[in-house]
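# Observations on chain architecture
Residues per chain are reported as follows:
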Amino acid sequence: MAQTFFPLWPTSIGPPTIPVDNIVKSIDFDYAFWHPIKFSVPFEMLQKSVFGNTSFPAARSLKVNISLDSEFDNAKTIQNLDKLLRHLCSTTPNIVAIDIQSNISANNISGIGEQSLLDNFILGLSDRISKVTLSGFSISGVLAPAKFTKFSELTHLRFACNGRRAWFDIVVRKNFNSLRYLRVSDLNPSCVDSLLFNDSNKPIIYPSLETLWLGFRSDYLEYNNRQFCHFPVLKKLDFYTRNAVCSNSFFINSGNLERLGLFVVPKMVRFAEEKQVFKQQYFSGLKTLSLSFFSDRIGARIFRASESDSLWTKNMLQMPSQLNSLKIMSSIESSFFMPMIDAHAFSTVQLLGIEHTRLDFSDIVNLLQKTPCLCDFRVGMEDSPPSINDIYDKDIVDYIKTSQQPLSKHLSSLTISCEDETEETYNYSLAVALFVIGCPKLSTVFMWNIDTYEVIDNLHDFAESADFEDFADRINNVAHNIVQL
């Protein structure tokens, strides 16, 4: 009987086969699941059993996870893996997108062939690839940027540069005309210089770049006062670092910016005020604003004790009023960002997301009143539900039940999530019931890390109670539309 490498596959129907005329569009290869390779089974036997002579001419994307472990990895298994990856390259001639995940780093290369394994794989890929993703912080520290010069028309590039300027000098610059999406983490100031200026200190213009995501490793990014429109068609910009400032060079784009994501820290706020980084003309077309607030509680107290909070509110007033989506992430108390909400009119916001923050229901009422066009509200609790037990003391339930005006006229979708799975469901159930009462168009509730079965039971119990009998039908209807994410 032919040997099979699928231990859970029913032997009565024989090993699985792949049709020669297959129309497979995407291939996901994970080394961790390939037992024959780990146990040094001859590659020829593996190829005959699984692939045969099958190729995948319709495949357009290839995702490869090369995560090695010390228990099985040796020279023989590395050789097998090398052959299999080469075989994948030869059978997928029309691949245009590659995603490489690996835990191989400069610290764990043992000299049994890991480096050549990666190099051979890159060399075997089609030159027509236009989208490259290098997942994980270690792999780009091992791969040589020069290996990627074979790809001359990249439109999408995502990697962690490990502070290596060579990735920009060699790969990014080679594709500056064609890049439409660039996401880079683990940056330092020299990398940014290489992104914005060439070796002759002349500005680099990215004529096609629409999405730029930058994450910094350094504590401080020096300001560059040379103002050029490096990104004339940029639509989405995310700029994340815990303690940095930024240059106008990222914002001067003739009002094309539609999405802005920022990590808000005291230094950035004071700097933005001094240098007038946030000018209204830079954001005339902004539709989505995502803000991550300083998460260190000591730093937050310093922030409030300084003028940074008032400066931030002042700068926020320069933002356009036509936002469609506002997302706030803050692991400190809601009182830290609520003044910004109070000071700014978000009359056009249709999607509001508040994550990693404990909210009192009074905060929620305030948020809903500030966003009259809201259709989708997403709230994520850091470690506890809203302080709904206090609602009865504040008579908020009676206020919601008797108010002539709903909390929200248009809210139809609600998402409540917990960072950690919780068995405490009563308060979340009560929160949903109050949303149902105050939001007549609410029809669907999504929940993450919350026992939706208990929430549904609680809602049915509420519907039968005297406190909620006038809203029993609406509560029961929503209970049938609770979705576990």
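Computed from a predicted structure; not experimentally measured.

Moving on: the environment of leucine 154. Relative to the helices and strands, leucine 154 is located in the loop between strand E4 (131-135) and strand E5 (156-160). The class of leucine 154 is buried, set by a relative accessible area of 0%. Each C-alpha atom of the pair leucine 154 and valine 96 lies 9.6 Å from the other, and the pair is 58 residues apart in sequence.

For any pair of aromatic rings, the description rests on two quantities: the centre-to-centre distance and the angle between the ring planes. Evaluation of the coordinates by the stated rule reveals nine aromatic pairs. Note on phenylalanine 148 and tryptophan 167: the rings are 5.3 Å apart at their centroids and 55° apart in plane angle, and the pair reads as tilted. With phenylalanine 148 in the loop between E4 and E5 and tryptophan 167 in helix H5 (residues 166-172), this pair connects stretches of sequence that are 19 residues apart. By relative accessible area, tryptophan 167 is classed as buried at 0%. Ring geometry for phenylalanine 377 against phenylalanine 435: centres 6.0 Å apart, planes inclined by 50°, an arrangement best described as tilted. Of this pair, phenylalanine 377 sits in strand E13 (residues 376-381) while phenylalanine 435 sits in helix H14 (residues 426-438), and the two are 58 residues apart along the sequence. Of the two residues, phenylalanine 377 and phenylalanine 435, both sit in the buried class.

Turning our attention to helix H6 (residues 189-196). Quick reminder: α-helices carry 3.6 residues per turn. Residues three or four places apart thus point the same way. For H6, the set of buried residues is Cys191, Val192, Ser194, Leu195 and Leu196. In the core, the buried residues of H6 are packed alongside H5, strand E6 (181-187) and strand E7 (211-216).

This part takes up the state of the cysteines. This model, assessed by the stated rule, comprises zero disulfides. Here cysteine 375 is not cross-linked by a disulfide; its sulfur's nearest cysteine counterpart is in cysteine 373, at 7.5 Å.

Pairing of E4 with E5, which is carried by three bridges, proceeds in the parallel orientation. Opposite valine 132, over in E5, you have leucine 157 as the bridge partner. Summarising the sheet, E5 and E6 pair through five bridges and their orientation is parallel. Within E6, the position partnered with arginine 158 by the bridge is arginine 183. For the crossover that starts at E5, traverses H5 and ends in the parallel E6, the hand is right-handed.

Another aspect to go through is the nonpolar core. Core analysis: the largest hydrophobic core is formed by 113 residues, its most contacted members being Phe159, Phe377 and Phe435. With nine residues, H14 is the largest single contributor of residues to this core. Those residues in contact with phenylalanine 159, other than ones at most four positions away along the chain, are Leu134, Trp167, Phe168, Val172, Leu182, Arg183, Val184 and Ser185.

So, about the side chain of serine 126. As for its placement among the helices and strands, serine 126 is situated in the loop between helix H4 (114-124) and E4. Polar contacts involving the side chain of serine 126 include one to the main-chain amide nitrogen of arginine 128, which spans 3.0 Å. Residues within four places of serine 126 in sequence aside, it is in contact with Pro93, Ile95 and Phe151.

With that settled, consider the packing of H14 against helix H15 (residues 452-464). For the pair H14 and H15, the least separation of the axes is 9 Å and the interaxial angle reads 55°. Classed by the angle they form, the pair H14 and H15 counts as oblique. Read as a crossing pair, H14 and H15 show a hand that is right-handed. Residue-level inspection shows Tyr426, Ser429, Leu430, Val432 and Ala433 of H14 in contact with H15, the latter providing Glu454, Val455, Asn458, Leu459 and Phe462. Of the residues contributing to the contact of H14 with H15, the split by class is seven nonpolar, two polar and one charged.

Next up on the list: the pattern of salt bridges. With the rule as written, the count across this model stands at seven salt bridges. A salt bridge links arginine 259 to aspartate 238; the nearest nitrogen and oxygen atoms lie 2.6 Å apart. Here arginine 259 is found in strand E9 (residues 259-264), whereas its partner aspartate 238 is found in strand E8 (residues 236-240), with 21 residues between them in sequence. Here arginine 259 and aspartate 238 have matching classes, each one buried. With its nearest N and O atoms 2.9 Å apart, the salt bridge here joins aspartate 376 to arginine 378. Aspartate 376 gets classed as buried once you look at its relative accessible area, which sits at 14%. Arginine 378 gets classed as partly exposed once you look at its relative accessible area, which sits at 36%.

About the cut-offs
Residues numbered from 1 in each chain as written. Predicted model: local features only at pLDDT ≥ 70, side-chain atom pairs only at ≥ 80, totals over all residues. Heavy atoms only, no water. Helix = DSSP H or I, 4+ residues; strand = E, 2+ residues; numbered from the N terminus. Buried < 20%, exposed > 50% of the residue type's maximum accessible area, 1.4 Å probe, protein only. Phe/Tyr/Trp six-rings, centres within 6.5 Å; stacked < 30°, edge-to-face > 60°. Contact = heavy atoms within 4.5 Å. Disulfide = S-S within 2.5 Å. Pairing = 2+ DSSP bridges. Right-handed = clockwise from strand over helix to strand, strands pointing away. Core = buried A, V, L, I, M, F, W, Y, C linked by side-chain atoms within 4.5 Å. Polar contact = N/O pair within 3.5 Å; in protein donor to acceptor, adjacent residues only side chain to side chain. Axes fitted to C-alpha atoms, helices over the stretch in contact; angles between N-to-C directions. Parallel < 35°, antiparallel > 145°, perpendicular 65-115°, else oblique. Left-handed = near helix turned anticlockwise from the far one by under 90°. Nonpolar A, V, L, I, M, F, W, Y, C, P; charged D, E, K, R; others polar. Salt bridge = Lys/Arg side-chain N within 4 Å of Asp/Glu carboxyl O.

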